[in-house]
Each structure stands twice: as C-alpha cells, then as structure tokens.
Amino acid sequence: TDRQTDRQTDRQTDRQTELSNCTFVKTILMLLVVLYHAILYWNGNWFVGEPAYSAPGLPVAARWLNSFLIYAFTLVSGYLFYHVKFEKGRYDRFLSFAANKAKRLLVPYLFVSAVWAVPFAVYFSKYDTADVMKDFVLGASPAQLWFLLMLFGVFVIFYPLSGFFQKHDIAGAAAVILIYGLGLVVQINVFQFSHVCIYIPFFWLGFKLRQHKTLWLRKIPVLIWLLADVVLFSAVECLSERSGVMLSLLHRGFTFLLHIVGALTAFLVLQRIACRVRWKESRAFALFSKNSMPIYLFHQQIVYVLIYWLNGVLNPYVHAAVSFIGAVLASLLISVIMTSFKWTRLLVGEK
C-alpha cells in the first residue's frame, strides 16, 4: 500500500510538472513562430517582391516549422482547457467563458489590426478599402492575427461539445475528423471558419492528452518521435511534387498525420527539455514568457521592415538571423510598454 501511495504521488507530481511545463512549451513555440516568419520570405509568395539571394535551406526549414507550430499551440490550448474546466471546475458558464475569451483574443485582434497590422498592409501591400474589409474586417487573411480568430472560434465551438468529448473517446474522435473534413471541403475564409474546423482535432488531442495522461507516450524515446516526424515530412515533401487524384488524397492523408505527429513531437520533446533546464530560474525567460502573446501580436510587421531594409544587403542566412533577433527584441520592447499600463494591457489581451 505504501508503494501504491508513492506511485500515485509520483504520477500526480508528473501531471503537475507537465502542467507547469506548458508555460515553457508555449514560450518556445512562440519564439519559433517568430523564427518561422523571419525565414518565410525565402519560401516565396510572402510579403512583397522577391528575395535578392536564394537560400535553399530556409524554405525547407520554414515548411517544417509550419508543419507543427500552430498545431502544437492549439494542442496545448486544449490540454489547458481540460485542466481548467474539468479539473479546476471553472468555465462553468458559456457566456462568461466566451466573454473572457473575447477579451483575451478579439479585443487584441481589433486593436492590433487597427493601429498596427492594417497600416503596414496599406503601406507595404497597397491595401485599399476593399482589401481591408475582406482580410481584416471579415477576417479572411489578417496576417498573423488569424490565429486569434481561429482560436476564439475553436473555443466557442468546442465548449458546448466538451462534455460529450470527455465521455466518448471513439465517437469524439470520429466527430472531430468529420469537422476537419468539413474545413477542407467548405473553404469559407470569413472569420477563419475553415481554419477553425481544421484545428479543432488538435485542440481535442490536447484535451484528451490531459484527460488520459501522457505516460505511455512519454515512454517512446524522443529520437523515435523526431524520426517519425522527419520521415512523414519527407514523404509529404515528395508527394507535393506529384500529380493525380490518388496521390493528392495520399498527400492529404500524410499531411494530416504529419500535423498530428509534429504537434505531439513538439509537445513531448519540449516537455522533456523543460524537465532538464532551469527555465523557472531564468529572469530572461520569465520576461519572454510574460510577454509571449504581445510579442506574437507585433512581431510580423517588424520582420516586414527588416526584409524591406536588408533584402540584398546581407547574406540571406545572416539576414534571417537579424530579422529573428530584431523582431523578438523590438516586439518585446513594445510588449513591455503595452503591459506597463492597465488599459494598454487590456488592449493586448493581458489581465
């Protein structure tokens, strides 16, 4: 009985540690999003103009990061949602829950769109009134802010179904796959509807990870997770260059599997790293962690400026590094200023 008690205590400690480590996971993912945008220009069809120099490694790195980053973010959100609603007993009323999420997500969406993202889009991409209405007012393609609309939509749709998802694993899995398929078939960009459907399975996955624990997943070595992710990514890269109905369907299936494995790999690997580094003792990390959401809100337009100034001036790999460091530091400075005052904190979704 003493051994059983000790094992139970160890399991509870593991779950508490894993929950605490989600702060580390989210902060690292946020920094990787900044890195992704710092190198995305060399993938083509992003921002304006063409890169002065080619950099073969950067497009591949950008596509790999894109294969798991937002999916892992959404997974962590589902993981935390289960903890707060079903373990802490909060989120008991839908209207108050939706109002809270609107303050955290929609208010910064409106504010940052109006004073930051739209002016940059007008200047660099020559947006007119119709473009602003479509991409920002209707939310079809509001730069990095699409994530806020998507996550709000996921919360609002998932909440009424959360009791069903908690009780029914198989039926719940079938339901989220159908929702995912709806997002692929019904391409509605208004308020990120299609993306909401596409990301719900990853929110559900995080929800279930917290409910059923991750011990069996953590028994799989990190190298196996990383190898599986690399193999799937390579398969998707190869299939993307082929044509034909069957190959297209195969590509879609492997892509979905890549996103699942990539999100799980990111979550589990970063959890493992969090257990081995003293991130809670680092003041610098605490600063980034505290300001992670505002950094996300402001970083992309700083990358635009650095691309505009430095394209053709620096080696592309040096340029990407400067863009990453510059965007992180400049957006951090803006974040610190915005979070220093009560009303500006509310405008960027902070309490």
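This text follows the structure it describes.
Residues numbered from 1 in each chain as written. Predicted model: local features only at pLDDT ≥ 70, side-chain atom pairs only at ≥ 80, totals over all residues. Heavy atoms only, no water.

### Things to note about the state of the cysteines
Note the threshold: In what follows, a disulfide is any cysteine sulfur pair within 2.5 Å. Buried residues are those whose accessible area, probed at 1.4 Å on protein chains only, stays under 20% of the maximum for their type, while exposed residues exceed 50% and partly exposed ones sit between those limits.
Tallied over the entire structure, the rule returns zero disulfides. Just so you know, Cys275 is unpaired, no disulfide at all, and the nearest cysteine sulfur is the one on Cys22, 11 Å from it. The class of Cys275 is partly exposed, set by a relative accessible area of 49%.

### Points about the nonpolar core
The condition that has to hold: Put simply, buried Ala, Val, Leu, Ile, Met, Phe, Trp, Tyr and Cys residues joined by side-chain atoms within 4.5 Å make one nonpolar core. Contact criterion: two residues are considered in contact whenever any of their non-hydrogen atoms come within 4.5 Å of each other.
Within the largest apolar cluster, 110 residues are counted, with the highest numbers of intra-cluster contacts made by Leu29, Phe81, Phe147 and Phe267. Beyond its immediate stretch of four places on either side in the chain, Phe81 contacts Tyr91, Phe97, Phe155, Phe158, Tyr159, Ser162, Phe203 and Phe207.

### Looking at helix H4 (residues 94-125)
The condition is simple: Secondary structure elements follow DSSP: runs of H or I of four or more residues count as helices, runs of E of two or more count as strands, with numbering from the N terminus. What a helix should span is 1.5 Å times the count of its residues minus one. One axis is fitted to the seven residues ending at the residue and one to the seven starting there. The bend at that residue is the angle between these axes.
Under the 1.5 Å per step criterion, the end-to-end length of H4 is only 39 Å for 32 residues, more than 12% shorter than the ideal 46 Å. A maximum bend of about 55° is found in H4 at Ser113. Once H4 finishes, Lys126 follows within two positions and takes phi at roughly 55°, a positive value.

### Quick look at unusual backbone geometry
Although it is not a glycine, Asn45 sits at a positive phi angle of roughly 60°. Its place among the elements puts Asn45 in the loop between helix H1 (2-39) and helix H2 (57-66). Although it is not a glycine, Gln192 sits at a positive phi angle of roughly 60°. Its place among the elements puts Gln192 in the loop between helix H7 (169-185) and helix H8 (193-212). For Gln192, a relative accessible area of 2% translates into the label buried.

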